Amino acid sequence: MSFVTRGFGGRSRDRDERLPPGQTLVHDFPVLSAGPTPEVDTAEWSFTIVTEAGTHRWSWDEFQALPAEDIATDIHCVTHWSKLGTSWRGVSLDTLFEDVESQFDYVMAHSFGGYTTNVPLDELLDGQAWIATEFDGEPLDPEHGGPARLLVPHLYFWKSAKWVRSLVMMPRDDPGFWEQNGYHIHGDPWQEERYW
Amino acid sequence: MDHLDGNALAGPLADYFTFDVTAATARCNGCGEVAEFARALVFTSPAGTVVRCATCEHVLATLVEAGERAWLGFSGVSAIEVRRA
């Protein structure tokens, strides 16, 4: 009865529904970088949020004193791998933006080493994004963005800027590094927003 | 002065985009160094290729490839010198 098929929708039963379209499950943690890994000493590290009104700054010790959260989330790289159920610890951007006021709706994340990526502010708040300093219960490896990286898991992982040092408010959704060079301005994996 | 649309580039650029880019020189917008692309630092990953200045590590150029589509960026150079044979 080779003509009998599993019917319409049978294919979707084989597929993990946590995987966005075009993604493949991996169990390792691939490293993708656009340049050398910067050596960032936590004694020299600071994190800033810059608005049209001024700069909010946290030293490493001040940052460590903020309330941190455990984050369990799936991550999706634009190069077609996804990793499910990853474990992070970090500070919610809701906490960091508590006393920040700005008229601007967009954010450019800046990293040590010069990398940038753009994200709308409303996609960083309400429990959607963190500054992560631990992965799997250990301090974040430099190759994965340590000492601290942005974690915005509902967007493709290039938005989760490694070695983040600053979030700068901006009036327009200007493109960051990869977004200027072919990748999508927004990057929703469920919409397959990979490229321009 | 009136301008032409981009189609007018097809003829002139066809002569130049066949060159061996490694032998071409470019000026880094970061530090001003003029060097052959062959001397640059090239970082490759599945996300794309990033070409950096060997002197200051400023990004000179990028290449993103996705099937039939490719994006070639030269955001970090002011000009490329190509030696004509």
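Parameters at a glance
Residues numbered from 1 in each chain as written. Chains lettered and ligands numbered in written order. Predicted model: local features only at pLDDT ≥ 70, side-chain atom pairs only at ≥ 80, totals over all residues. Heavy atoms only, no water. Helix = DSSP H or I, 4+ residues; strand = E, 2+ residues; numbered from the N terminus. Buried < 20%, exposed > 50% of the residue type's maximum accessible area, 1.4 Å probe, protein only. Lys, Arg positive; Asp, Glu negative; His and termini not counted. Salt bridge = Lys/Arg side-chain N within 4 Å of Asp/Glu carboxyl O. Polar contact = N/O pair within 3.5 Å; in protein donor to acceptor, adjacent residues only side chain to side chain. Contact = heavy atoms within 4.5 Å. Buried area = accessible area lost by both parts, 1.4 Å probe. Pairing = 2+ DSSP bridges. Axes fitted to C-alpha atoms, helices over the stretch in contact; angles between N-to-C directions.

**Some points on the side chain of A:Lys162**
All names here are of chain A.
Then step 1. Position of Lys-162 among the secondary structure elements: in the loop between strand E10 (149-151) and strand E11 (164-170).
Then step 2. Glu-143 is the oppositely charged side chain nearest to the buried, salt-bridge-free Lys-162, at an N-O distance of 7.5 Å.
Then step 3. A distance of 3.1 Å separates the side chain of Lys-162 from the side chain of Ser-33, its partner in a polar contact.
Then step 4. Those residues in contact with Lys-162 that sit more than four places away from it in its chain are Val-31, Leu-32, Ser-33, Ser-111, Glu-143, His-144, Gly-145, Ala-148 and Arg-149.

**Section: the interface of chain A and chain B**
Then step 1. Opposite the 14 residues of chain A that make contact, chain B presents 16 residues.
Then step 2. Note on chain A versus chain B: buried area summed over both sides is about 1,300 Å², and carbon and sulfur give 64% of it.
Then step 3. The largest contributions to the chain A side of the interface with chain B come from A:Trp178, A:Asn181 and A:Tyr195, which together make up 34% of the buried area.
Then step 4. Taken together, the connections running from chain A to chain B amount to zero salt bridges.

**Regarding the sheet that holds strand E4 (residues 48-52) of chain B**
Residues and elements named next belong to chain B.
Then step 1. Strands sit in the order E3-E4-E5-E6 across an open sheet of four strands; the sheet is antiparallel. Strands at the two margins of the open sheet, each flanked by one partner only, are strand E3 (41-45) and strand E6 (69-73). Sheet twist, expressed as the mean angle between neighbouring strand axes with direction ignored, is 10°.
Then step 2. Relative to E6, strand E5 (residues 59-66) runs antiparallel, the two sharing five bridges. Pairing of Glu-65 across the sheet is with Ala-70, part of E6.

**A look at the pattern of salt bridges**
All names here are of chain A.
Then step 1. Across all of its chains, the model carries six salt bridges over all chains by this definition.
Then step 2. Arg-89 is the partner of Asp-70 in a salt bridge, and the nearest nitrogen-oxygen pair spans 3.0 Å. With a gap of 19 residues between them, Asp-70 in strand E4 (residues 69-76) and Arg-89 in strand E5 (residues 81-92) connect regions that are remote in the sequence.
Then step 3. In this structure, Asp-174 engages Arg-172 in a salt bridge whose closest nitrogen and oxygen atoms are separated by 3.0 Å.
Then step 4. For Asp-174, a relative accessible area of 25% gives the class partly exposed.

**Quick notes on the pairing of E5(A)**
Residue and element names in this part refer to chain A.
Then step 1. Counted residue by residue, E5 has nine buried out of twelve residues, so it is predominantly covered.
Then step 2. Pairing of strand E1 (residues 24-25) with E5, which is carried by two bridges, proceeds in the parallel orientation. Bridge pairing in E5 links Leu-25 to Ser-82.
Then step 3. In this sheet, E5 lies alongside E4 in antiparallel orientation, the contact comprising seven bridges. Along E5, the bridge assignment pairs Glu-69 with Gly-90.
Then step 4. In textbook terms, the turn of a hairpin is the stretch between consecutive antiparallel strands, and for E4 and E5 this stretch comprises four residues, one of which, His-80, has a positive phi near 85°.
Then step 5. Relative to strand E8 (residues 130-135), E5 runs antiparallel, the two sharing five bridges.

**Details of the environment of B:Arg39**
All names here are of chain B.
Then step 1. As for its position among the elements, Arg-39 is in the loop between strand E2 (34-36) and E3.
Then step 2. For the pair Arg-39 and Thr-22, spaced 17 residues apart in sequence, the C-alpha to C-alpha distance is 8.1 Å.
Then step 3. Aside from chain neighbours lying at most four places away, what touches Arg-39 is Glu-33 and Ala-54.

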